[in-house]
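One-letter residues, chain by chain:
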Amino acid sequence: MTAQTPPYAITPAIIRRIEQIGEAIGRAEAAGVAQDLRLRRINRIRTIRGSLAIEGNRLSEDQISTILDGEPVAGPLRDIQEARNAGEAYDRYEE
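Counting starts from 1 at the beginning of each chain's written sequence and moves along it residue by residue. Two thresholds apply to this predicted model, a pLDDT of at least 70 for residue-level local features and 80 or more for giving and counting side-chain atom pairs, whereas whole-chain, interface and lining totals are computed over all residues. The basis for every side-chain value is the complete set of non-hydrogen atoms in the structure, without hydrogens or water.

K.L.:
Sorry, what's going on with the overall build of the protein here?
P.N.:
The way it works is that DSSP assigns letters per residue, a run of H or I at least four long becomes a helix, a run of E at least two long becomes a strand, and they are numbered from the N terminus. When helices and strands are tallied, the protein shows 3 helices and 0 strands. Counting from the amino terminus, the protein carries its helices and strands in the arrangement α-α-α. Only the C-alpha atoms count toward the radius of gyration. The rule for a globule is 2.2 Å times the residue count to the power 0.38. A compact globule built from 95 residues would reach a C-alpha radius of gyration of about 12 Å, whereas the protein, at 24 Å, exceeds it by more than 25%. Once the C-alpha set of the protein is aligned to its principal axes, its extents read approximately 75 × 30 × 20 Å. For each residue, the accessible area found with a 1.4 Å probe, counting protein chains only, is set against the maximum for its type, and the residue is called buried under 20%, exposed over 50%, and partly exposed in between. Here the protein holds 95 residues, and the buried ones make up 16% of them.

K.L.:
Is there a simple way to explain helix α1 (residues 12–54) in this structure?
P.N.:
Every α-helix carries 3.6 residues per turn, so stepping three or four residues along brings you back to the same face. End to end, α1 covers 63 Å across 43 residues, agreeing with the expected 63 Å (1.5 Å per residue, within 8%). Contacts are assigned to residue pairs with any non-hydrogen atoms lying within 4.5 Å of each other. The elements touched by buried residues of α1 are α2 (61–68) and α3 (77–91). At the exit of α1 stands G56, carrying a positive phi of roughly 95°. Multiply 1.5 Å by the residue count of a helix minus one, and that product is the helix's expected span.

K.L.:
How should I be thinking about the nonpolar core in this particular structure?
P.N.:
A general tendency of soluble globular proteins is for nonpolar side chains to be buried together. We call a set of buried residues a nonpolar core when its members are Ala, Val, Leu, Ile, Met, Phe, Trp, Tyr or Cys and they connect through side-chain atoms within 4.5 Å of each other. Counting 9 residues, the largest nonpolar core consists of I45, I48, L52, L59, I64, I67, I80, A83 and A86. Those elements that place two or more of their residues in this core are α1, α2 and α3. Setting aside residues up to four positions removed in sequence, A83 forms contacts with L52, L59, I64, I67 and L68.

K.L.:
Would you mind showing me how to read the pattern of salt bridges here?
P.N.:
In a structure, side chains of opposite charge can pair up when their charged atoms sit close to one another. Salt bridges are counted wherever a side-chain nitrogen of Lys or Arg sits within 4 Å of a carboxyl oxygen of Asp or Glu. Under the counting rule described, the total for this entry stands at 6 salt bridges. For E88, the salt bridge is made with R92, and the minimal N-O distance between the two is 3.2 Å. Residue class for E88 comes out partly exposed when judged on its relative accessible area of 40%.

K.L.:
Could you clarify how one ought to interpret the packing of α1 against α2 in this entry?
P.N.:
The packing of two helices is summarised by the inter-axis angle and the distance between the axes. Axes here refer to lines fitted to C-alpha atoms; in helices the fit is confined to the stretch in contact. Angles between the N-to-C directions go from 0 to 180 degrees. The interhelical angle for the contact between α1 and α2, taken along N-to-C directions, is 115°, at an axis separation of 9 Å. The orientation of α1 with respect to α2, classified from their angle, is roughly perpendicular. In this structure, α1 meets α2 at a crossing whose hand is right-handed. Across the interface between the two elements, R41, R44, I45, R46, I48, R49 and L52 from α1 touch E61, I64, S65 and L68 from α2. Throughout, the term roughly parallel applies to angles under 35 degrees, roughly antiparallel to angles over 145, roughly perpendicular to angles from 65 to 115, and oblique to all others. Two helices that cross are described as forming a left-handed crossing if the nearer one is turned anticlockwise from the farther one by less than a right angle, and a right-handed crossing if clockwise.

K.L.:
What's the story with the side chain of R44 in this structure? I'm lost.
P.N.:
On the secondary structure map, R44 appears in helix α1. The exposure class assigned to R44 is buried, which follows from its relative accessible area of 16%. If we skip the residues at most four places from it in the chain, R44 touches L68, G87, Y90 and D91.

K.L.:
What is the right way to read a nonpolar patch on the surface from this model?
P.N.:
Residues Y8, I10, I14, I15 and I18 make up a contiguous nonpolar surface patch of about 490 Å² in total accessible area. Tracing the backbone through its elements, the reader meets Y8 in the segment before α1. Like-charged residues within 9 Å of one another, or nonpolar side chains (Val, Leu, Ile, Met, Phe, Trp, Tyr) within 5 Å, are grouped into patches, provided each residue has over 30% relative accessible area and no salt bridge. The Shrake-Rupley method, run with a 1.4 Å probe, gives the accessible areas here. Residue values count only the displayed protein chains as cover.

K.L.:
What am I meant to see in the environment of A24 here?
P.N.:
Mapped onto the elements, A24 comes out in helix α1. By relative accessible area, which is 34% here, A24 ends up partly exposed. Sequence separation of A24 and I42 is 18 residues, and the distance between their C-alpha atoms is 27 Å.

Below, the structure written as structure tokens:
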């Protein structure tokens, strides 16, 4: 197999453009991953909130988000513990 030469000259300007295109693709992919992770977190919080609300838990989505971040929240201890347990169960779901 012999390498064929392209019908154009590869110049430093072309190489710079290829680098710029590669960087732009990388940034776009990274932004998509970050957006996907953010949406997963939002859906996780809403799922936990909905499940707990069915059982009479009165914590808000903001409170559940704070609990999942490991920060203290004011509220009924039973509700807070249910939210912690639900977050842990959600994490272990795939297992």
